[in-house]
Amino acid sequence: MLRLQNISKQYEDKVVLENINLDIQAGEIVSLLGPSGSGKSTLLHIILGLTTMDSGKILFANKDLSDVSMKDRGFNIVFQDYALFPNLTAYENIVYGLRNRKGLVTKEELQEYIEFLGLEPHLTKKIGELSGGQKQRVSIARTLVMKPKILLLDEPLSALDGVIKESIKQRIQSIAKEFNLTTIIVTHDPEEALTMSDKILIINEGTIAQYGTPQQIINQPSNEFVESFILKQLHIKRQNIYDLFSEKYA
Ligand code: ADP
Ligand code: MG
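A brief look at the structure comes next.

Criteria and cut-off values
- Residues numbered from 1 in each chain as written.
- Chains lettered and ligands numbered in written order.
- Predicted model: local features only at pLDDT ≥ 70, side-chain atom pairs only at ≥ 80, totals over all residues.
- Heavy atoms only, no water.
- Near = heavy atom within 4 Å.
- Polar contact = N/O pair within 3.5 Å; in protein donor to acceptor, adjacent residues only side chain to side chain.
- Areas by Shrake-Rupley, 256 points an atom, 1.4 Å probe, with all protein chains shown as cover.
- Helix = DSSP H or I, 4+ residues; strand = E, 2+ residues; numbered from the N terminus.
- Nonpolar A, V, L, I, M, F, W, Y, C, P; charged D, E, K, R; others polar.
- Salt bridge = Lys/Arg side-chain N within 4 Å of Asp/Glu carboxyl O.
- Buried < 20%, exposed > 50% of the residue type's maximum accessible area, 1.4 Å probe, protein only.
- Contact = heavy atoms within 4.5 Å.
- Pairing = 2+ DSSP bridges.
- Axes fitted to C-alpha atoms, helices over the stretch in contact; angles between N-to-C directions.
- Expected span 1.5 Å × (residues − 1).
- Arc of directions from axis to C-beta.

A look at the site of ligand 1
Thought 1: Taken together, Tyr11, Lys14, Val16, Pro35, Ser36, Gly37, Ser38, Gly39, Lys40, Ser41 and Thr42 make up the full set of residues near ligand 1.
Thought 2: One of the backbone N or O atoms of Gly37 is found 2.7 Å from an oxygen atom in ligand 1.
Thought 3: At a separation of 2.5 Å, an oxygen atom of ligand 1 approaches a polar side-chain atom of Thr42.
Thought 4: When isolated, ligand 1 has an accessible area of 560 Å², and the protein chains bury 58% of it.
Thought 5: Broken down by element, the residue count for the shell around ligand 1 peaks at 3 residues, all from helix α1 (residues 40-48).
Thought 6: For the shell around ligand 1, the residue count by class is 3 nonpolar, 6 polar and 2 charged.

See the structure below:
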C-alpha cells in the first residue's frame, strides 16, 4: 500500500539516507528503529511531505506521490515535542486543524476519538495544566481528527515513563487496529519497537540494516549491527522481551 523506492537524502556533504526501500501493508504498524542521528525523523518527514528527497519515489495505493504536496498526501504526524498551542485549551488544540476543513469528521467521530483517548475530563484545560501523557493524547487526537491515510508518530513514548508510557503504547496499538490505520512509529528503543510493531525497519547511518517482524529480527538478525544494537541490549536488559520472541525459549 505504501511503497518507498530508493529514497536518498543528503544535507550538504552528509548522506543522511541512502537507497531506502520499504513496503507497508494497510493497517500495519511499522517501526523505524535506529540510534540517534541514523535518519529516522528525516525519513518520516519525507513520507509526510515536509522534507524533500533528493531521489527516489513514494507510491501510495499505486499512485506516485513523490511530487504531491504534504496537504494533498493526506498523511498526518504526531511530532516528538507535541507542538501544541500553549494558549489554547485541549479541545481547541484538537479541532485546530479542522478550522478550514469543515465536514472532515462528523461530531460523532470527533466524540469517539475524544472518548477513545480518555480526554473528556481535560477538554477545557490549557496545555500547561496537562501532564506529559495527557499532552501526548491531545496531540494524537489532534492528528486523528484529520482522518489521516497514514498515521506518523515521531518518538511518541520517549518523554514518558512507567505506567503512562505503557498506557500510551497500548492506545496507539488499539487505534491502529480499531481504525485499521496504517501507522509508522519512529523510535530509538528496541524494546518499544519489538513490543509495538508488526514490522520493524532497522536503520543504521542512513541505510537499512534489516526489515522484518520482531520474531525474524530476534531469531535471524541479518548482521553484526542488528545483533549488537538490538539483541545484546535486550538480552542483557530485558530477558522477558527476548523470551517473548526467541525460538530458543519458545
Ligand atoms: P534521527 O531521527 O534518527 O535521530 P535525523 O533524521 O533527525 O536522525 O537526522 C539524521 C542526520 O541528518 C543527523 O546527522 C542530523 O544532524 C542531520 N540532519 C537532519 N536534519 C537536518 C537539516 N535540516 N540540516 C542539516 N542536517 C540535518
Ligand atoms: Mg529523530
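Focus on the pattern of salt bridges
Thought 1: Applying the stated criterion across every chain yields a total of 6 salt bridges.
Thought 2: Of the charged contacts in the structure, one is a salt bridge between Glu109 and Lys147, with a shortest N-O distance of 2.9 Å. With Glu109 in helix α4 (residues 107-116) and Lys147 in the loop between α5 (132-144) and β7 (150-154), this pair connects stretches of sequence that are 38 residues apart.
Thought 3: Residue Lys147 is classed as partly exposed on the basis of its relative accessible area of 32%.
Thought 4: Close ionic contact of Lys165 with Glu192 constitutes a salt bridge, the shortest N to O distance being 3.3 Å. Pair noted here: Lys165 is in helix α6 (residues 162-178) and Glu192 is in helix α7 (residues 190-196), with a separation of 27 residues, a long-range link.

Side note on the side chain of Thr42
Thought 1: Relative to the assigned elements, Thr42 resides in helix α1.
Thought 2: Classification of Thr42 as buried rests on a relative accessible area of 15%.
Thought 3: Residues contacting Thr42, with those up to four places away along its chain left out, are Lys9, Val16 and Leu17.

Some details on the sheet that holds strand β6 (residues 75-78)
Thought 1: Ordered by their spatial adjacency, 6 strands build an open sheet running β6-β7-β8-β3-β9-β10, and the pairing between neighbours is mixed. Only two strands of the sheet have a single neighbouring strand rather than two, namely β6 and β10 (207-212). Taking each pair of neighbouring strands and ignoring which way they run, the sheet shows an average axis angle of 20°.
Thought 2: The pairing of β6 with β7 spans 4 bridges and is classified as parallel. Across the sheet, the residue bridging to Ile77 is Leu152, located in β7.
Thought 3: Contacting β3 (29-33), β6, β7, β8 (182-187) and β9 (199-204), α1 runs over the sheet at an angle of about 155° to β7.
Thought 4: Taken strand by strand, α5 contacts β6 and β7, and its axis lies near 175° from that of β6.

Regarding α6
Thought 1: Compared with the 24 Å implied by 1.5 Å per residue over 17 residues, the 24 Å span of α6 between its first and last C-alpha is a close match.
Thought 2: Along α6, the positions that sit buried rather than exposed are Ile168, Lys169, Ile172, Ile175 and Ala176. The buried residues of α6 occupy one face: seen down the axis, they fall within an arc of 125°. Exposed residues on α6 whose side chains face more than 90 degrees from its buried face are Gly162, Val163 and Glu178.
Thought 3: Elements in contact with the buried residues of α6: β3, α4, α5, β7, β8 and α7.
Thought 4: One or two positions beyond α6, positive phi appears at Asn180, with a value near 45°.

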